[in-house]
Amino acid sequence: MLDSPEEEVLAKACDAIYKFASKGDENKVTLLGLGTVERLYKLISHEDPIVRRNAMMVLGIMASNHDVKKLLRELDVTSSLLSHLVPEEDVVIHEFATLCLAHMAVEYTTKVQIFEQGGLEPLISLLSSPDPDVTKNSVECIYLLVQDFQSRAAVCELNVIPPLLDLLKSEYPVIQLLALKTLEVISKDRETRIILGENQGLDCLLKILETNEFNDLHVEALAVLGNCLEDVNTMQLIQQTGGLKKLLSFVGVSTVPDIQKNAVKAIAKAACDSENRKILNEEDVENCLINLLEIDDDGVKVAASQAISAMCENLASKRAFGLQGIPRLVQLLSSDDEEVKEASVIALANLTTASPSNASAVAEAEGIEPLVKTLNAERHGAIANAAAVLTNMAMQEPLRLCIQSHGVMSVLTEPLRSASSQVQSKAALMVAAFGCDASARSELRNAGGLGPLVELLHSKDKEVRRNACWAVMVCASDELTAVELCRLGALDILEEINLSTGRRNNFSEAALERLLDNNLSQKYSQMGYLSSSNVITDGFYDYGKVKPGVKLPSLEELSMQELTDRRAIIFINAKSQEDVLAVEEKPQHLSYEQTTLSPFPSRKSSREKVRKGKGKKEEEKMKEVEIMSEVQDEINLEDGQWQPPPDFMLMNYINDASKTILPLRTTREQVVALAQFVADKMGGAIERDKLHDFSWELHISEIEFELKSNIVPIGKVKKGTFYHRALLFKVMADRLGIGCSLVRGEYNRGWNEVKLVDDSPQGVTGLLLPPHEYIVDLMFVPGFLMKQESVEADQYKYI
């Protein structure tokens, strides 16, 4: 019948179909299947107004169906619908044409079509229609269209604000609601907010908030107001008119959580601007927000915490929150709601940043324990900000020690393994803050936290990598941790980072230097240089030169190896007899030879060696060897881990040198005397042209064979070449407090550099001269000091 040529038939058929389609979605699908939509599309442009009206009514209600909308888009029905929005058209046609457009404007492609075909202007003109259905459909369609930024900019130029504000006075709540929603979207643009203020829009919004009858509109009105308050000018205007006081009072008086939550969100938006924060502080917003933390609604608590975070940028507000807000925020850390926990800990992180008084207030509010527990929270934001708060608190030593007593370094191992770069960064920074204490480093090391920390050095995130380097630098402050970090590969990774201009940072360079400074054996083998600040301690060993990235085996591992033809490893261990002899019956005196017969537990028993040897007093020697075996066993059992054997001869050297060298008046005299002492113990002065006859290699090999080990105590060496003498000089100088460096050269060369101040010229007193660097001769003329860039120094190093 829709194909009938008779207008009366067409009108009645449309009317009947309208009634059928109104009864449900299934009927609309049936009509779609019968080809109704295509016929109706033609009839909406029929010359008869009744046919046209009835066809539009059917099309309007059918457009709510998804499949119908899809077909209407394919038919490009929007241009035809927009053509019927002219003032002279029937109001019913206006109603159902706008209804059809509102249904279709949900889809992005239709929004673009309506915008491009100039649909905004007729829709805005219909906002003033006397028919409420037309108004409702038009404002709904505009609301959907302004979701797109192009339409949002265009409606302002078409002066949409005045008619929308007029709709706020409508007697129909749904129209008021749609008008507010539209205002909320378009007020995100600054230009719109200015126009809204010029048209007394703020007064309209405040009147809605003051009217209890409009409580169903308060949430949307607050959303619009929140956008407006982002502008300083608007904020000043609303403060001057008393609107801001009304808003804060409204928040405090209201008992509807949604209203309170949205009001606080408006405040948080406004607080993003520094001038707005000053205005809010003047209006005492802090008390309002603190009170909202006690509202029994999680959404309100979250919003209040977020507003506090925003207001913390103002120093006066930060101080005000510290007095009463911090205890309440600390209480929220124990909330079962993860979002509340996260929002509160973010607020605490902002409050304690650069504020020692607030950090102390957190501790006074008993916040340490819940903060440590929050490191195991579900949300990454909560974990990261809990770490930030604890880091802020760690700036004060008493608080840091208190936090450490809660086992925080053990808890940190999991955040360090997190997949979140934010958590990784804050956790690494926290390690850097707490790692300055030896007990904290020990706890982290024992808890297995160094492994994941080293892994963070691989991170592609710049901040994570930087903080991980910082943490490694701090943790490498003691030898045990530095050695463990090297074992885990930190040294290799840092070397790789420092080779990259894009990944290198100040902390990566400092971390590498610190690692090597606390692992001097590795540093000397790799870099061939120890400065005067690198003090050689017991346990140091010279493994020889290695390439970058090669990790040294530990002394214990080397002691387990069989004798090879590789270069001897010279080690240092000058512990006193009182430190190492724990046997009840000690001999009156032990010669060096007696104390080094069995230095390494993995070697063949010296007892067996003595039995096979020839000589006098065999039984006495066996007894002495047994005593030293007991000494070494006692040392190894003392702390449950392997210990290197003592070098008593080196200890004797140091004792003798202390008595003869330390009393000397000047550093120059001490350096010369020490050089002569070292040379005397290492084979004396050697003539330059007879250097090749100085068979130090055979001597070292004999010691290795005697000990059945590649590890040779330096006190055992009686014929030492350049690098042996330079090492002994550095060891003894460090013990005697004489500053000197140790340099490895090529072809078994090694030398020491010292800085000495020359005497003032004759007749001149009180003149302070700069120090000069000298190379100390330990081979040819022991004690001769050669200026660094002199010919003699070059000959000593290379010829």
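Just above, that's the structure.
Quick caveat, the model's predicted, so the values are computed rather than measured.

Engineer: Help me out: how do you make sense of the pairing of strand β5 (residues 741-744) in this one?
Structural biologist: Residues S741 and V743 of β5 are buried on one face, and the alternating residues L742 and R744, pointing to the opposite face, are buried as well. Relative to β5, strand β1 (residues 529-530) runs antiparallel, the two sharing two bridges. Residue pairing for β5: L530 is matched across the bridge by L742. As paired strands, β5 and strand β6 (residues 750-756) are joined by four bridges and run antiparallel to one another. Bridge pairing in β6 links V743 to W751. Remark: five residues form the turn of the hairpin made by β5 and β6, two consecutive strands paired antiparallel; Y747 in that turn has positive phi of roughly 55°.

Engineer: Sorry if this is basic, but what is going on with helix α8 (residues 108-116) here?
Structural biologist: An α-helical turn contains 3.6 residues, so a residue and the one three or four places further along point in the same direction. Along α8, the residues that are buried comprise T110, K111, V112 and I114. At the exit of α8 stands G118, carrying a positive phi of roughly 70°.

Engineer: Could you clarify how one ought to interpret the layout of surface pockets in this entry?
Structural biologist: Remark: the empty space left among the atoms is shown by a probe the size of a water molecule rolled over them. As a volume, the largest pocket reaches approximately 1,100 Å³. Forming the walls of the largest pocket are 34 residues, and the residues nearest its centre are E479, L480, V483, S554 and L555. Those elements giving two or more residues to the lining of the largest pocket turn out to be α35 (479-487), α38 (520-527) and α39 (555-559). Counting residues per element, the lining of the largest pocket draws most heavily on α35, which supplies six residues.

Engineer: Would you mind going over the pattern of salt bridges with me for this structure?
Structural biologist: If charged atoms from side chains of opposite charge come close, those side chains can pair. Taken as a whole, this structure holds 30 salt bridges when the rule is applied. As a salt-bridge pair, E484 and R487 come within 2.7 Å of each other at their nearest N and O atoms. On the criterion of helical spacing, the pair formed by E484 and R487 is a turn pair, its members being three residues apart in helix α35. A salt bridge links E706 to K716; its shortest N-O distance comes to 3.1 Å. Of this pair, E706 sits in helix α46 (residues 696-707) while K716 is found in the loop between β4 (711-713) and α47 (722-736), placing the two residues 10 residues apart along the sequence. Because the salt bridges share partners, they merge into one network encompassing R190, R193 and D231.

Engineer: Looking at this model, I keep getting lost on the sheet that holds β5. Mind explaining?
Structural biologist: The strands making up a sheet associate through backbone hydrogen bonding, with each pair oriented either parallel or antiparallel. The strand order across the open sheet built from five strands is β1-β5-β6-β7-β8, with neighbouring strands paired in antiparallel fashion. Unpaired on one side and paired on the other, β1 and β8 (785-787) mark the two borders of the sheet. Across the sheet, α47 is in contact with β1, β5, β6 and β7 (772-776); its angle to β6 comes to roughly 40°.

What counts, and at which threshold
Residues numbered from 1 in each chain as written. Predicted model: local features only at pLDDT ≥ 70, side-chain atom pairs only at ≥ 80, totals over all residues. Heavy atoms only, no water. Buried < 20%, exposed > 50% of the residue type's maximum accessible area, 1.4 Å probe, protein only. Helix = DSSP H or I, 4+ residues; strand = E, 2+ residues; numbered from the N terminus. Pairing = 2+ DSSP bridges. 1 Å grid on protein atoms, 1.4 Å probe; cavity = no way out; pocket = protein on both sides within 12 Å on 5 of 7 lines; lining within 4 Å. Points joined across faces, edges and corners; volume = space filled by probe spheres on them. Salt bridge = Lys/Arg side-chain N within 4 Å of Asp/Glu carboxyl O. Contact = heavy atoms within 4.5 Å. Axes fitted to C-alpha atoms, helices over the stretch in contact; angles between N-to-C directions.

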